[in-house]
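Residues per chain are reported as follows:
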Amino acid sequence: MPSRSSSETTPLPRSRPTRLAAAAALGALLWLGARGAGPIPPLGPVLDPVRGAWALAASAGLPAQTEARIRGLSSDTRVLYDDRAVPHIFAASETDAWRALGYVTARDRLFQLDLQARAGGGTLTELLGAQALRADRATRALGMGRAAERIVAAATGDERQSLEAYAAGVNAYLDAMTLRELPLEYRLLDRRPARWSPLRSVQVILRMQHTLTRNDVDLEHLRAAAAVGEAAADALFPLHSPIQEPIQPSTGEPRQVPVTVPPPGAPDSAATVALAEVEPEPEAEAGLVSPLADAGRPHRAASDGDALGSNNWAVAPARTRAGAALLAGDPHLDLTLPSVWYEARIQVPGVVDAYGVTIPGLPAILLGFNRDLAWSFTNSEADLMDRWIERVDDPARPSRYLLDGTWVPIVPRLEAYLGPGGDTLALDTVRFSHRGPMRRLGARWLSTRWTALESSGALGAIHRAARARSASAWLDAMTTWGSPPQNLLVADRGGTIAVRTTGRFPIRAGAGRGDRVHDGTTRASDWIGDWAASEWPQSTNPAQGFLASANQEPQDPRDQPRYLGANWPAPWRALRINHLLRGDSAVTAETMRRWQTDPGSARAEHYVPYLVRAARTRPADTTLAHAASLLAAWDRRYTLASEAATLFEAVMPEVTARMWDELPAEILPGTGVFLPLLDDPDNVWWDDRRTRDRVERRDDVLSDALRAGYAATVRAHGPPETGGWRWSRVHHIDIDHVLGLPSLSAQGISTSGGPSTISPSSTTGGGEGSSWRMVVELGPTVRGWGTYPGGQSGNPASSRYDDRLGTWMRGELSELRFPPTAAELRASSVLLLRRP
Amino acid sequence: MRGALAVGMFALCAAAATAVGGWWTIPVVAAVWMRVLSRDAATAAICGIGAASGWALLLAWDAAHEPLDTVARRVGGVFHLPGWAFVGLTLLFVALLAATAAAAARSGRVP
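All figures in this text were calculated on a predicted structure; none of them were measured in a lab.

A. Layout of the packing of helix α19 (residues 622-632) of chain A against helix α22 (residues 698-717) of chain A. All names here are of chain A. Put simply, α19 and α22 touch, their axes get as near as 9 Å, and they point 85 degrees apart. It follows from the interaxial angle that α19 and α22 lie roughly perpendicular. Contact residues: α19 offers T623, L624, H626, A627, A628, L630 and L631, while α22 offers S703, L706, R707 and Y710. Looking at the contact of α19 with α22 residue by residue, the classes come out as 7 nonpolar, 3 polar and 1 charged.

B. Inspection of empty space enclosed by the protein at higher detail. All names here are of chain A. This model, assessed by the stated rule, comprises 15 cavities of 30 Å³ or more. Estimates place the volume of the largest cavity at around 290 Å³. Of all elements in the fold, only α9 (198-213), β9 (332-334), β14 (373-379) and α14 (458-466) reach the threshold of two or more residues within the lining of the largest cavity. Among the residues forming the lining of the largest cavity, the class breakdown is 16 nonpolar, 6 polar and no charged.

C. Highlighting the sheet that holds strand β33 (residues 773-778) of chain A. All names here are of chain A. The 6 strands lie next to each other as β28-β7-β8-β33-β34-β35, forming an open sheet whose pairing is antiparallel. A strand with exactly one partner marks an edge of an open sheet, and here the two such strands are β28 (546-549) and β35 (814-816). The mean inter-strand angle of the sheet, taken between neighbouring strand axes irrespective of direction, is 15 degrees. With 5 bridges connecting them, strand β8 (residues 325-330) and β33 associate as antiparallel partners. The partner of G329 across the bridge, within β33, is M774. Contacts between helix α16 (residues 572-582) and the sheet are confined to β7 (311-315) and β28, with β28 contributing the most and set at about 165 degrees to the helix. In this fold helix α17 (residues 589-596) packs onto β7, β8, β33 and β34 (782-787), with an angle of close to 20 degrees to the strand it touches most, β8.

D. Spatial organisation of the interface of chain A and chain B. Taken together, the contact pairs 42 residues of chain A with 39 residues of chain B. The junction of chain A with chain B conceals about 3500 Å² of combined surface from both sides, 73% of it contributed by carbon and sulfur atoms. For the pair chain A and chain B, the number of links is 1 salt bridge. Between D802 of chain A and R74 of chain B there is a salt bridge, with its nearest N and O atoms 2.7 Å apart. Summed over the shared surface of chain A and chain B, the number is 9 residue pairs in polar contact (both at pLDDT 80 or more).

Cut-offs and rules
- Residues numbered from 1 in each chain as written.
- Chains lettered and ligands numbered in written order.
- Predicted model: local features only at pLDDT ≥ 70, side-chain atom pairs only at ≥ 80, totals over all residues.
- Heavy atoms only, no water.
- Axes fitted to C-alpha atoms, helices over the stretch in contact; angles between N-to-C directions.
- Helix = DSSP H or I, 4+ residues; strand = E, 2+ residues; numbered from the N terminus.
- Parallel < 35°, antiparallel > 145°, perpendicular 65-115°, else oblique.
- Contact = heavy atoms within 4.5 Å.
- Nonpolar A, V, L, I, M, F, W, Y, C, P; charged D, E, K, R; others polar.
- 1 Å grid on protein atoms, 1.4 Å probe; cavity = no way out; pocket = protein on both sides within 12 Å on 5 of 7 lines; lining within 4 Å.
- Points joined across faces, edges and corners; volume = space filled by probe spheres on them.
- Pairing = 2+ DSSP bridges.
- Buried area = accessible area lost by both parts, 1.4 Å probe.
- Salt bridge = Lys/Arg side-chain N within 4 Å of Asp/Glu carboxyl O.
- Polar contact = N/O pair within 3.5 Å; in protein donor to acceptor, adjacent residues only side chain to side chain.

Right under this line is the structure:
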């Protein structure tokens, strides 16, 4: 055996296979680190303790003092953050203020900004990849891509300046942002934020309009007529609410409208033919599902009617304890983390000093107050979208449509959907008639006209309104607010309270109804104008001393019969709010706060007596008697301890299933339609067609439903004496992160309230609710209180990510800091914005 | 003793390299360490433990004045991991990165 000298090289044991295995493992780790695998994001940029997700902790808090530069500032602008992390912007001009707002919003909510704009512009695929393709296609098929470009091109003056200033502010932050500050979501998706522009702000506006104003009332009516005939469909989807408690005070008390619901008839032959031709393909409907929490959800579906909505109300000085007007507002939207709202204040000496909430992406304080007045909105629920069946030259590839005997060219627009790498994922041609975007549904082409696509002027209006010194000046400024139409409520220090349903409301030709699909072959079926401002539902300083809106039909049809919409949400919340307002002539801000989470239910008040009486018709049924006794003893309040609320919410779907068995499953009339039927016990609608040997009457159906609801509740939660029926154990709200990531969401939140209460929510698993609560007292000094479910920061590492959840859950409000000068504000952080 | 010293030295190098260049510098440092400073069979292990120690140092430094527990809980949740496991994943990732780079860089023959 040869001896080895120290100078010789020696093969190490298992050297080559070990190195090969190590190299392979290293390659896999590098791949995982740089590219990720499947659902696993690139691990390197996430796990890196200096620049990765861990670095989010470093930007979780606001620095005590910091400085940044923004191009275009006319002078230095100071941003002082108060103890609730609300930025108070002290600027020399409004455009400087919008620059600063863009900067601070991007600092706190960058990913949300980007995502909202992409949802509104149909460019989610560039961030999320092919999984978002169907949502983007649905958005662009509605014409939102073209509309955003047109709206931004038409923006002038103050509106244009504010959009450009805001974009400059966002982009200044993007330029200054370090890798350590990159929001978590971008790291998980391995993407980078896109630069901001006025177009992207308009896309955010359109996205909100999509949420608030899209409706299918014409298609709902068509489907109902095809199933049960025209007369019955008219009654099930009525033009006017069966209970009148309008926004514009009328008789002073709620009024039940006498309605006869005709029996289900033979399917309407014309509707059946039309329906067969326009029935959306399942894929088209599925395409409306967006990765965002509420994008694409068909608005005001009948089943959602009792869980969604918004409230505002104001009380005149004569009915308040302090002798000063009070205003409360709580818009309800799908709740997300980060919240849809961002709280901010802007002060420009001698011009504006406004505090409130903005939607990230918009240069405006949308809901809030200034030194003299306060305002809040609720959605008008008017019908702003109509459809026309068009006759085209070639159903497969139409290039012309027939109009008054002439073939008119269709305007095509190529829509390209890009992937994250800039690759083209798909191409669509969206076609436009003179009315709007066209879409193939079944064998037909329908064109859609929607006021949202033609909207402009809203930003300019809200800017002017924020400068107003009185309620009347505020309403004057808001006259140019076009879309989305809102029930605007305002109160001022002079004691004036006023409400006006404001926006662009189209006037239809012929019978004037928008709940029908129109004939597209003639211009005679086109919209013929808009309501004049003087015709809008409105009231100033009514004798009753208070005003309230909760998405209900704004005017009693006896006062204004013209078509504004159909299938209005039942006014359950309005009934409850007005009941509370009528019963208190010494209202305080604290009372207003308490009412915002009042758990009482006008809906339960209406239905429970009928259920209890029906149970008495079967005295031998002990289970039924027990269920009825639980309901009879219920105070009709959805408190956390309530057990009867759980039973009632189990019973109502049983009633619905038995009641509307003549209708296709996707058609569900609003809960208000029940009312006339409850007083018509022999109406054939009560008959459950599934029981062929028996003809049910009202009390049979209500008794059966009560028994079935009781049994379902026992099955789900055990016998009532076990405590499992408590509303706190059954009723949960889920506030999901905007990407639906569970660890960044707040799920299973237990609160009082339920379907149709003032602070409404679904029975369980719903993600909707009061997205911002505000109370303002218009005394010698304006004082405001508010909160929303979430926090100012979009950084999950920040204590400000969800620090307001507890306050919101308890129904409490925080005092909003509004001192006249910066010196009086105890700032926790100061940001100085300077010119480069 | 020499092993502990080597781990400590590599930890400092790993922390510095991460601070300057980012996570991807770890395999580079480990490979250079193996090629230049040591070709001992235990070097891969030293690099792995050292890299994990270096990142642990960085995390500990931040944890003293920043809410790293919140990051661990929230971001760990995205990976369906509890907070402590997300810390473990971070350290395991860098340890494997360094150890495999060192092992792969090891020459077939030693002097």
